[in-house]
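Topology and contacts: notes
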Amino acid sequence: MKAENFSERRVEIDGWPVNVSSYQFGDKWRAKADNVSPGAGLARAEADTREEAEKRVLDRARELLSRTKRNSV
Amino acid sequence: MGNYAHPEVLVNTDWVAGHASDPNVRVVEIDVDTKAYDEGHVPGAIAWAWNTQLCDTVVRDILPKSQFESLMTQSGVNNDSALVLYGDNNNWFAAWALWQAKIYGHKDVRIMNGGRKKWLEEGRDLETAPRTATPASRPYKATDADLSLRAFLPQVQQAQKAGKTVLIDVRSPQEFSGEILAPPGLPETCQRGGHIPGAHSVPWGKACNEDGTFKSIEDLQKLYGAEGVSQSTPVIPYCRIGERSSHTWFVLKYLMGLPNVQNYDGSWTEWGNLVGAPVEKGAAKSAGQA
């Protein structure tokens, strides 16, 4: 099978840029969220629709990013 | 592969699609997210886990020579095989694996330009069943470690004091400044935030295009040249644990052809935890001022 309909977009969560990518694989949609810079993956999910897969990774990303402590410099 | 100093270290996705089943080629996926391979991979590719197969799991270190040899033999890699590496995050840990393969003298090791993302973006075939390699018929023989490719703490401390080496901090601007201790969403693993005094901030991703491929040689020379990097300058890149900096090390060493580049894999999780180590905080100065 092939990866189809790959797409990528950037959103902001709690002031952090987040990259959301998703693609179709067979009858499922897969999504991944990463933290742009440096680009480490925050979450991945699989669902029946692109919207649901992206929602799941964004929810998880929000949870993880909210724990990142910012120091004053 | 556009005017790079060593174009032989890069292959594109078309080349991989055409050679993945070549018996003299071993394609390996190495991801930050070690579950990515299971979702689908280049047909014929095997996987290496960076956190268990590409490091010493007891002592903080790269693979010992004997374990590297064992990994290669078990992976069906002969001394004359073409080893093609790719992965997520624009090849972070593929570069980490390449760096170790070069330390142990593997001659023909290449990166798939654009990595996993480009393969997906191009809508190429994915295989979901994991592949197990048939071990090589002869035991793999590595060379002794070439430590000219690696910087250890005493060298970095000396370089920082002497000021003749360009230290490149490839982490995000927020890590460089000390605003955060680790990338957003990841565990924090250092006691102090900031950067090695005098280091230049060039986040690793600046070497890549949007599609994950490497920028042109002209763009790379402009990017690093603005930070004082030249053919005659010793350069030490570092990050948090050494994988992002191996990506930049690869760019400087093989795409730009710099003769003296050492990856400091101890990186910020070593420096930022040292008692008494000097630390500088604050955003990067503009190019040429750091």
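Scroll up to find the structure this text is about.
To start, this report covers the structure provided alongside it.

What counts as what
Residues numbered from 1 in each chain as written. Chains lettered and ligands numbered in written order. Predicted model: local features only at pLDDT ≥ 70, side-chain atom pairs only at ≥ 80, totals over all residues. Heavy atoms only, no water. Buried < 20%, exposed > 50% of the residue type's maximum accessible area, 1.4 Å probe, protein only. Helix = DSSP H or I, 4+ residues; strand = E, 2+ residues; numbered from the N terminus. Contact = heavy atoms within 4.5 Å. Buried area = accessible area lost by both parts, 1.4 Å probe. Salt bridge = Lys/Arg side-chain N within 4 Å of Asp/Glu carboxyl O. Polar contact = N/O pair within 3.5 Å; in protein donor to acceptor, adjacent residues only side chain to side chain. Lys, Arg positive; Asp, Glu negative; His and termini not counted. Phe/Tyr/Trp six-rings, centres within 6.5 Å; stacked < 30°, edge-to-face > 60°. Axes fitted to C-alpha atoms, helices over the stretch in contact; angles between N-to-C directions. Left-handed = near helix turned anticlockwise from the far one by under 90°. Nonpolar A, V, L, I, M, F, W, Y, C, P; charged D, E, K, R; others polar.

Here's the deal with unusual backbone geometry
What is expected of a backbone is that most residues other than glycine have negative phi and most peptide bonds are trans. Here the phi dihedral of Asp14(A) falls at roughly 50°; this positive angle occurs in a residue that is not glycine. With relative accessibility at 48%, the residue Asp14(A) sits in the partly exposed group. Its identity is not glycine, yet Ser267(B) carries a phi of approximately 50°, on the positive side. With respect to the secondary-structure elements, Ser267(B) resides in helix 10 (residues 267–271).

Quick notes on the interface of chain A and chain B
Contacts between the two partners involve 25 residues from chain A and, on the opposite side, 33 residues from chain B. For the pairing of chain A and chain B, the buried interface totals around 2600 Å² over both sides, and the portion due to carbon and sulfur atoms is 52%. Across the salt bridge formed by Arg44(A) and Asp33(B), the nearest N and O atoms sit 2.3 Å from each other. If you look at where chain A meets chain B, you find ten residue pairs in polar contact (both at pLDDT 80 or more).

Describing the side chain of Arg26(B)
Residues and elements named next belong to chain B. Its place among the elements puts Arg-26 in strand 2 (residues 25–29). Although buried, Arg-26 forms no salt bridge, and the nearest oppositely charged side chain, Glu-127, lies 8.9 Å from it. Residue contacts for Arg-26: discarding those within four places in its chain leaves Gly-44, Ile-46, Ser-75, Gly-76, Val-77, Ala-82, Leu-83, Val-84 and Ala-133.

Focus on the packing of aromatic side chains
Residue and element names in this part refer to chain B. On inspection of all chains with the given rule, the structure shows ten aromatic pairs over all chains. Where Trp-96 meets Trp-99, the ring centres are 5.4 Å apart and the plane angle is 40°; that geometry is what we call tilted. Note that Trp-96 and Trp-99 are positioned in helix 4 (residues 88–103) at a spacing of three residues, about one turn of the helix. On the basis of relative accessibility, which here comes to 7%, the residue Trp-96 falls in the buried class. The exposure class of Trp-99 is buried, given its relative accessible area of 0%. Put simply, the rings of Trp-50, Phe-93, Trp-96 and Trp-99 touch in pairs and so form one group of aromatic residues.

Here's the deal with the packing of helix 8 (residues 217–225) of chain B against helix 9 (residues 243–255) of chain B
How two helices sit against one another is set out by the angle between their axes and by the gap between those axes. Residue and element names in this part refer to chain B. As a packed pair, helix 8 and helix 9 sit with axes 11 Å apart at the nearest point and diverge in direction by 115°. Read as a crossing pair, helix 8 and helix 9 show a hand that is left-handed. Side by side, helix 8 and helix 9 meet where Ile-217, Leu-220 and Tyr-224 of the first sit next to Thr-248, Val-251, Leu-252 and Leu-255 of the second. Partitioning the contact of helix 8 with helix 9 into residue classes produces six nonpolar, one polar and no charged.

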